[in-house]
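Descriptive structure summary
Listed here are the chains, written in short residue letters.
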Amino acid sequence: LNVSLYLSAAGSRFWAASTPLSLTDAIARAAGLGYDAVEIMPRDVDDPDPETLRQTAGRYGLRVMALASGFIAIERGLTFTHPEAEIRHQAVAAMRRCLEAARRARAPLVSIGVIRGKLQAGAVRADALTHLTECVRECGVYAEELGLTLAVEPGNRYETDFLHTVAETLDFLADVNLPSVRLMLDTFHMNIEEVSIADAIRRAGPHLAHVHFADSNRRAPGWGHLDFYAVVEALREVGYSRAVGLEMILAPDFEVAARQGLQFVRGLFPPA
Ligand code: LER
Ligand code: MN
């Protein structure tokens, strides 16, 4: 099982996974600790430059597992459910460029989180869902052309106001109905929204493209009160053997948190 470390690019406004280290320095240290891959929240489609990112990771023997698309909403205010069609078009255009960046970085996966936007006060939920479906379908067709996967991540209620659970997100994915558009889970969000994290994973089963691990407080696994043994048992039951990405607050500092996360996860998946 590959373990990847989630890193926010320098200057990113995304709150988790940030470090004062440069991306190159963080990648070098992640490799030194024994990570297999990194995944990145960029600051923009060309920041970090995708080729440079691939080369830097490659120099240290790491793959680039994924790019997060959240920056499109966080840095630029573009979302798939915005009431203005022009903003939605710009969001789709930015996502297409993000997919191209992922291909150049040799990252097989791009996430869909906060780019979906929030249901605006007064907006009709059905309209927002229609817009979201249209935008995601268009991006999903492009992802397929590029040989990439788009992975929709349910998020907790404090970060997004719909697609909170696996059940809700699977319904949405059934509407989109493209093999290139799949599901990504994050134990931090699941801890807030699911009745049972393990049952939700079992329900997600074959739709799962990627998993983020963080503990109940978004800190390294083992430093909160989540039952990761139940999580791993459910992942085993559904035959999930792709990567686990550690998306965590890098405190007290990069080295200590990154080491704790990796050791804890390696302990959960002992070699057979
Ligand atoms: C946001 O909380 C999150 O879970 C990330 O995966 C966004 O890229
Ligand atoms: Mn996540």
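Residues numbered from 1 in each chain as written. Chains lettered and ligands numbered in written order. Predicted model: local features only at pLDDT ≥ 70, side-chain atom pairs only at ≥ 80, totals over all residues. Heavy atoms only, no water.

**So, the site of ligand 1**
By nearness alone, every residue bordering ligand 1 is listed as Y6, F14, M41, A68, E153, E159, D186, H189, H212, R218 and E247. Between H189 and ligand 1, the recorded distance is 2.7 Å, taken from a side-chain N or O atom to an oxygen atom. One nitrogen or oxygen atom from the side chain of H212 is found 3.2 Å from an oxygen atom belonging to ligand 1. Relative to its unbound accessible surface of 260 Å², ligand 1 loses 93% to contact with the protein. Judged by the fraction of its atoms near the pocket grid, ligand 1 is located in the largest pocket. Along the lines of polarity and charge, the residues of the shell around ligand 1 split into 4 nonpolar, 2 polar and 5 charged. (Near = heavy atom within 4 Å. Polar contact = N/O pair within 3.5 Å; in protein donor to acceptor, adjacent residues only side chain to side chain. Areas by Shrake-Rupley, 256 points an atom, 1.4 Å probe, with all protein chains shown as cover. 1 Å grid on protein atoms, 1.4 Å probe; cavity = no way out; pocket = protein on both sides within 12 Å on 5 of 7 lines; lining within 4 Å. Sits in = over half its atoms within 2 Å of the grid points. Nonpolar A, V, L, I, M, F, W, Y, C, P; charged D, E, K, R; others polar.)

**Comments concerning the coordination of the manganese ion (ligand 2)**
Each donor-metal-donor angle would ideally measure 109.5 degrees in four-coordinate tetrahedral geometry, or 90 or 180 degrees in six-coordinate octahedral geometry. Within the protein, E153 (OE), D186 (OD), H212 (ND1) and E247 (OE) serve as the donor atoms for the manganese ion (ligand 2), at 2.1 to 2.2 Å. Classification of the site at the manganese ion (ligand 2) as octahedral follows from its 6 donor atoms and the range of 72 to 176 degrees in their angles at the metal. In primary-sequence terms, the residues that donate to the manganese ion (ligand 2) follow E-x32-D-x25-H-x34-E. On the criterion of sequence distance, the pair formed by E153 in the loop between β5 (149–152) and α6 (166–176) and D186 in strand β6 (residues 181–186) is long-range, its members being 33 residues apart. The exposure class of E153 is buried, given its relative accessible area of 10%. With relative accessibility at 1%, the residue D186 sits in the buried group. (Donors = N, O, S within 2.8 Å, 3.2 Å for Na, K, Ca; no water. Tetrahedral: all angles 85-135°; square planar, octahedral: opposite > 155°, others 65-115°. Helix = DSSP H or I, 4+ residues; strand = E, 2+ residues; numbered from the N terminus. Buried < 20%, exposed > 50% of the residue type's maximum accessible area, 1.4 Å probe, protein only.)

**Observations concerning helix α9 (residues 228–237)**
Residues spaced three or four apart along an α-helix face the same direction, because each turn holds 3.6 residues. Looking at α9, one finds that the buried residues are F228, V231, V232, A234 and L235. Buried residues of α9, viewed axially, fall in a sector of 160 degrees; they line one side. Of the surrounding elements, those touching the buried residues of α9 are α7 (187–193), α8 (197–204), β7 (208–213) and α10 (254–268). Measuring from the backbone nitrogen of Y229 back to the side-chain oxygen at the start of α9 gives 3.1 Å, which picks out D227 as the cap. (Arc of directions from axis to C-beta. Contact = heavy atoms within 4.5 Å.)

**A short note on helix α5 (residues 125–146)**
With 22 residues, α5 should cover 32 Å at 1.5 Å per step; its first-to-last C-alpha distance of 31 Å lies within 8% of that length. Within α5 the residues assigned to the buried category are A128, H131, L132, T133, C135, V136, C139, G140, Y142, A143 and L146. Close packing links the buried residues of α5 with α4 (85–104), β4 (109–112), β5, α6 and β6. Looking one or two residues beyond α5, the residue adopting positive phi is G147, at roughly 75 degrees. (Expected span 1.5 Å × (residues − 1).)

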